[in-house]
Amino acid sequence: YKLSVSPEMDIMEYCRKEWRGNTPAAKRMRKGYEAVAQKFASIRRIRGDNYCAFRATLFQALSQATQLPRWLQSEDFTMLPENLLSKYDWIKQWQLRQKPGKRMREIRDEIKEYLILLRQKWKNISEIKGPLEKQEACDKLFKNEEEEYSLYEALKFLMLNTAIELYNADKSGKRVPVFSWLLFARDTSRNPCQLMQNHLNHIGHSGGLEQVEMFLLAYALQYTIQVYRLYKHSTDEFITLYPNDPEEDWPVVTLITEDDRHYNIPVTMCQETML
């Protein structure tokens, strides 16, 4: 059994352990970590199983949550599966984790349970005042495999809902963010149904999140995801924001990646940055 989120480790110690050689790639990684170490003292490794983008983003969001986001407070939030299934018959093809071929009613009820769990966990953790207690609650949640994976199913469904909203807005001539065009310009996701069949259904099983899907995750959560992309050090893509024109009132979570596939999280801001 592997920990979902490993304990804190000094960020430069971690870097020296991982990148010892003198290849150009190792040198670039070390420079990237040095830049991150200007702001953050420690790193926590995220378990890599194709859910790591979800895991890193949600762990960071919950760790710093002080209130329930507006979209989680709405009364019809838990009615999403019912509402979407009544309009889009193809959602019956949604693949529940390790439970392919579920009937429509079961899919609806199960996803509803996942959404209720997401709201309940977010509410409970955001109400904890002490930072240490909050951290302990997050660590405990991410050690409970059943609950953890249920939360990722909820995130996937929220991404589908957001994709449907963006697709419909674009079709009715409304302005949509640029990433939405890119999302539906792919041969494998010309519409939300294809996005579900060829991408969302596979996340966590045979693949993780692609770049354009990081934007979709950010929009679904209404969070800005700031990523230090270490292999892009000394280019203007070293720090990438999803979305790149975020709403001012969206909270920010920070992740680190070496290759745009696996994500870890920086923690413990350096003293001088905090002042």
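Predicted model only: the values in this text are computed from it and were never measured.

**Some remarks on the packing of aromatic side chains**
Each aromatic ring pair is summarised here by two numbers: the centre-to-centre distance and the angle between the ring planes. Within the structure shown, the criterion is met by 19 aromatic pairs. Each ring, one from Trp 71 and one from Trp 122, has its centre 5.9 Å from the other, and the planes form 85 degrees; the classification is edge-to-face. Of this pair, Trp 71 sits in helix α4 (residues 70-73) while Trp 122 sits in helix α6 (residues 104-126); the two residues are 51 residues apart in sequence, bridging distant segments of the chain. Residue Trp 71 shares its accessibility class with Trp 122, and that shared class is buried. Chaining the aromatic ring pairs together yields one cluster made of Phe 179, Phe 215, Tyr 219, Tyr 242 and Trp 250.

**Description of the UniProt feature "active site" (unreviewed entry) in the chain**
As recorded in UniProt, the sites labelled "active site" (unreviewed entry) are Asp 49, Cys 52 and His 262. In terms of the greatest pairwise C-alpha distance, the residues named above, spread along 214 residues, form a tight cluster of at most 8.9 Å across. Tracing the backbone through its elements, the reader meets Cys 52 in helix α3 (residues 52-63). Cys 52 sits in the buried class, given a relative accessible area of 4%.

**Things to note about a nonpolar patch on the surface**
Taken together, the side chains of Val 178, Trp 181 and Leu 182 present a nonpolar region at the surface, about 330 Å² in accessible area. With respect to the helices, strands and loops of the structure, Leu 182 is situated in helix α9 (residues 178-183).

**Brief notes about the pattern of salt bridges**
Considering all chains together, one arrives at 19 salt bridges under this definition. Two residues, Asp 49 and Arg 55, come together in a salt bridge whose shortest N-O distance is 3.0 Å. In this structure, Glu 213 and Arg 186 form a salt bridge, with 3.0 Å as the shortest nitrogen-oxygen distance. Residue Glu 213 is found in helix α11 (residues 211-221), and its partner Arg 186 is found in the loop between α9 and α10 (192-198); the two are separated by 27 residues along the sequence. As far as the burial class goes, Glu 213 and Arg 186 line up, both buried.

About the thresholds
Residues numbered from 1 in each chain as written. Predicted model: local features only at pLDDT ≥ 70, side-chain atom pairs only at ≥ 80, totals over all residues. Heavy atoms only, no water. Phe/Tyr/Trp six-rings, centres within 6.5 Å; stacked < 30°, edge-to-face > 60°. Helix = DSSP H or I, 4+ residues; strand = E, 2+ residues; numbered from the N terminus. Buried < 20%, exposed > 50% of the residue type's maximum accessible area, 1.4 Å probe, protein only. UniProt positions renumbered as here; feature names shortened; annotations may be inferred. Patch = residues over 30% accessible without salt bridge, like charges linked within 9 Å, V, L, I, M, F, W, Y side chains within 5 Å. Areas by Shrake-Rupley, 256 points an atom, 1.4 Å probe, with all protein chains shown as cover. Salt bridge = Lys/Arg side-chain N within 4 Å of Asp/Glu carboxyl O.

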